[in-house]
Amino acid sequence: MIDILRACDDPNLFAPWFKRGDWTAWRAFLAALFGLPMGDDAMELYRRHTGREAPPEGPSEEAWLVIGRRGGKSFTMALVAVYLATFREYRQFLQPGERATVMVIAADRKQARVIMRYIKGLVSQVPMLAARIRGETADSLDLDSQVTIEVGTASFRTTRGYAFAAVLADEVAFWRSDDEAAEPDHAILDAVRPGMASIPGSMMLCASSPYARRGALWDAFNAHWGKAGAPLVWKATTREMNPTIAQAVVDRAMERDAASASAEYLAEFRKDIEAFVSLEVVRSCVSEEVTERPPEPGVHYRAFVDPSGGVSDAMTLAIGHTVGEMAVLDCLRERKAPFSPEAVVDEFCAVLKGYGIARVTGDKYAGEWPKEQFRKRGVTYEVSQPTRSEIYRDLLPVLNSGKADLLDSPRLVSQLVGLERRVSRGGREMIDHAPGAHDDLANAAAGVIGLCRAKPKSTALFGVYGYPSRPARRPWSGS
């Protein structure tokens, strides 16, 4: 069987794509990944980018690439996907009717389309490979060898049930779009590993520019870089892997935002971004299996809404009340885009009135629009004085002290755990969701908890209310 470097040199295979640019570093990586012989120059690159001294003893079944942006990760992932799908035989490991899958998992559909274009270009423009295509969709290629090259997005649900010949995970540091998992990157990778067990020599390759010092990419780098054995970890700047990127591009990015550019181009994990709250702290505040608390007479409920125009972000509502020093979350509503904003306001106002609420708080979204729409339905909309970051800042001690009683909502838990604390260039601390993630539920829940914890300025304004005794919280026992 032809090895991947010979395939890259063969004018009848992949050589046309390697005529421009300097692919020396990538060739050294491919040699290390597949356990191929390396000359002195390749060994020097290998030692520099892996922190190891001894050459690899054989192919790696798992490898992690920490590479700066525009370093060539997506094309290399596509190349490896095509090579594994077309130059290896898997039929002896498959049941009748089963197909081996080489899956490239991307952070989102846009990134997936980029990789799929590379894959289709590599296959369709090589006549001997194009002849092997038996079926094609926007996201997959079926080959005559019972192999499918498929592109998917980061979800621990949709990656189950496959027999994986290879899994190539692109931009894994930014897999924060699956709100059903508090740790989506680990959850997705854990979901695909059983699908690799039935095919000997199956390969997992995870590549990304780095981000915060947490998650699967950071854990792999922290545990394995510079250490012999599996898995292989390769770390390099953009220009080390792709010298065609001008140094001036990097310099300008460093001038604009050194912390961001150090991650994007120099492959350094960001030190200015930290997790806002731990999963353990949030789970300790959750009442297991309590998804909603119905309204009770004599209770003064508060409400917070996170409005949306219905195009991209969700619109959310949270309702809560106070028992002593405890802020109790009673109700959560979320309507994902696309939706009719007026229809959702109708729905939310009906819920508010069910809890006896005639006043709701929200942010300054879209000027007067929320005020007008809620006012038409008999509900007063008040603009929150604290900013989103300030609301989250005030939430943290409440969670840490266990003085919040949260509903059992995996999406809420995920969004709270996914919040990040970062410092802006001006030195101001910001708390917000990670790139590609959402915090609509978290914002509404944090907002109403802040309202419940706030002391009323006047009993004449809020009245005096009796609170029922709070049931004992059922501890979280889920994973």
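Remember, predicted model here, so these are calculated numbers, not experimental data.

Time to look at the pattern of salt bridges. Considering all chains together, one arrives at 28 salt bridges under this definition. Notably, a salt bridge pairs R132 with D144, separated by 3.0 Å at the nearest N-O pair. A residue pair is termed long-range when its members are at least 10 positions apart, and R132 in the loop between helix 6 (127-130) and strand 3 (133-136) and D144 in the loop between strand 4 (140-143) and strand 5 (147-153) qualify at twelve residues. The partner of D272 in a salt bridge is R270, and the shortest N-O contact between them spans 2.7 Å. What you see here is one network of salt bridges that share partners, running through D306, D363, R388 and D439.

Turning our attention to helix 17 (residues 440-453). Spacing of three or four residues puts side chains on the same side of an α-helix, whose turn is 3.6 residues. The end-to-end C-alpha distance of helix 17, which contains 14 residues, comes to 20 Å, matching closely the 20 Å that a straight helix rising 1.5 Å per residue would cover. The buried fraction of helix 17 amounts to twelve of the 14 residues, a majority that puts the element mostly inside the structure.

Now for the sheet that holds strand 9 (residues 273-275). One open sheet holds the three strands; their spatial order is 9-16-17, and the pairing between them is antiparallel. Edge strands, defined here as strands with exactly one partner in the open sheet, are strand 9 and strand 17 (429-433). In this sheet, neighbouring strand axes are inclined to one another by 30° on average, regardless of whether the strands run parallel or antiparallel.

Turning our eyes to something else, we now look at the packing of helix 16 (residues 410-417) against helix 17. Close contact between helix 16 and helix 17 brings their axes to 8 Å; oriented N to C, the two are set at 90°. When the axis of helix 16 is compared with that of helix 17, the two are roughly perpendicular. Residue-level inspection shows R411, L412, Q415 and L416 of helix 16 in contact with helix 17, the latter providing D440, L441, A442 and A445.

The next point concerns the nonpolar core. In this structure, I4, F14, F34, V80, I119 and W234 are the most contacted members of the largest nonpolar core, which totals 69 residues. Tallying contributions element by element places helix 4 (residues 73-87) first for this core, with eleven residues. Those residues in contact with I119 that lie beyond four places of it in its chain are A78, A81, V82, V104, L141, I149 and V151. Counting residues in each nonpolar core, the second largest holds 35 residues, with F276, V282, Y392 and A446 among its members.

The next subject is the packing of helix 13 (residues 341-354) against helix 14 (residues 369-376). One can describe the packing of helix 13 onto helix 14 by two numbers: an axis separation of 10 Å at closest approach and a directional angle of 55°. By the angle class used here, helix 13 and helix 14 are oblique. The two elements helix 13 and helix 14 meet at a crossing, and its hand is right-handed. Taking contact as the criterion, the partners of P341, E342, V345, C349 and L352 in helix 13 are, on helix 14, W369, Q373 and F374.

The subject of this paragraph is the packing of aromatic side chains. Counted under the stated rule, the structure contains 17 aromatic pairs. For the pair F75 and Y118, a centre-to-centre distance of 5.5 Å together with 90° between the ring planes defines the contact as edge-to-face. Of this pair, F75 sits in helix 4 while Y118 sits in helix 5 (residues 109-124), and the two are 43 residues apart along the sequence. The partly exposed category is assigned to Y118, whose relative accessible area is 33%. Aromatic pair F221 and F269: ring centres 5.3 Å apart, planes at 35°, arrangement tilted. Taken together, the positions of F221 in helix 8 (residues 215-224) and F269 in the loop between helix 11 (258-264) and strand 9 put the pair 48 residues apart, joining distant regions of the chain. By relative accessible area, F221 is classed as buried at 16%. Since its relative accessible area comes to 8%, F269 is described here as buried. In textbook terms, an aromatic cluster arises when at least three aromatic residues are bridged by ring pairs, as seen for F18, W23, F75 and Y118.

Here S287 is to be found in the loop between helix 12 (279-284) and strand 10 (302-306). With relative accessibility at 3%, the residue S287 sits in the buried group. Within the structure, S287 has its side chain in polar contact with the side chain of R293 (distance 3.4 Å). Here the side chain of S287 touches D405 through a polar contact of 2.6 Å, side chain to side chain.

What follows covers the sheet that holds strand 14 (residues 380-383). As summarised here, the arrangement of the six strands in space is 14-13-10-11-12-15, forming an open sheet in which the pairing is mixed. Every interior strand has two partners, whereas the edge strands, strand 14 and strand 15 (404-405), have only one. As paired elements, strand 10 and strand 13 (residues 359-362) share two bridges and run parallel to each other. Looking across to strand 13, one finds that V305 is bridged to G362. Its contacts with the sheet place helix 14 against strand 10, strand 11 (315-323), strand 13 and strand 14, and it is angled at close to 155° to strand 14.

Moving on: unusual backbone geometry. Going from A337 to P338, the amide bond is cis rather than trans, its omega being 0°. Among the structural elements, P338 can be located in the loop between strand 12 (326-335) and helix 13. We note that Q146 has phi near 60°; this positive angle belongs to a residue other than glycine. Even without being glycine, A267 reaches a positive phi, approximately 60°. Turning to its location among the elements, A267 is positioned in the loop between helix 11 and strand 9.

Mapping R411 onto the fold places it in helix 16. For R411, a relative accessible area of 14% corresponds to the buried category.

Our focus in this paragraph is the confidence of the model for the chain. For the chain, the average pLDDT comes to 87, and 90% of its residues sit at 70 or higher. When pLDDT is averaged over each element of the chain, strand 12 comes out on top at 97 and helix 18 (residues 459-462) at the bottom at 32. Every residue in residues 474-479 is under pLDDT 50, and counting partners more than four places away or in other chains gives 14 contacts.

Once that is clear, we can look at helix 5. A rise of 1.5 Å per residue sets the reference length of helix 5, with its 16 residues, at 22 Å; its end C-alpha atoms lie 21 Å apart and thus fit the reference within 8%. Every buried residue of helix 5 is accounted for by Q111, A112, I115, M116, I119, G121, L122 and V123.

Conventions and cut-offs
Within each chain, residue numbers correspond to sequence positions counted from 1 in written order. At least 70 in pLDDT is required for a residue's local features to be given in this predicted model, at least 80 for side-chain atom pairs to be given and counted, and no such filter applies to totals for whole chains, interfaces and linings, which use all residues. The basis for the side-chain values is all heavy atoms of the structure; hydrogens and waters are excluded. What counts as a salt bridge is simple: a side-chain nitrogen of Lys or Arg found within 4 Å of a carboxyl oxygen of Asp or Glu. Strands are runs of DSSP state E lasting at least two residues, helices are runs of H or I lasting at least four, and both sets are numbered from the N terminus onward. A helix is expected to span 1.5 Å multiplied by its residue count minus one. Partly exposed describes any residue whose relative accessible area lies between the buried limit of under 20% and the exposed limit of over 50%, with all areas from a 1.4 Å probe on protein chains only and scaled to the type maximum. One bridge is not enough; two strands pair if DSSP finds at least two bridges between them. Axis angles are defined between N-to-C directions and span 0 to 180 degrees, where every axis is a line fitted to C-alpha atoms and, for a helix, only to the segment in contact. Should an angle lie under 35 degrees it is considered roughly parallel, over 145 roughly antiparallel, and from 65 to 115 roughly perpendicular; all remaining angles are considered oblique. The contact rule is simple, with two residues in contact once any of their heavy atoms fall within 4.5 Å. What makes a nonpolar core is a set of buried Ala, Val, Leu, Ile, Met, Phe, Trp, Tyr and Cys residues whose side-chain atoms join them at distances within 4.5 Å. Each crossing gets its hand from how the near helix is turned against the far one by less than a right angle, where anticlockwise is left-handed and clockwise is right-handed. Under the pairing criterion, centres of Phe, Tyr and Trp rings, with the six-membered ring standing for Trp, must be within 6.5 Å; the plane angle then separates stacked pairs below 30 degrees from edge-to-face pairs above 60, leaving the rest tilted. Here a polar contact means two N or O atoms within 3.5 Å. Within protein one must be a hydrogen donor candidate and the other an acceptor candidate, and residues neighboring in sequence count only if both atoms are side-chain atoms. On a scale of 0 to 100, pLDDT captures the predictor's confidence in every residue.

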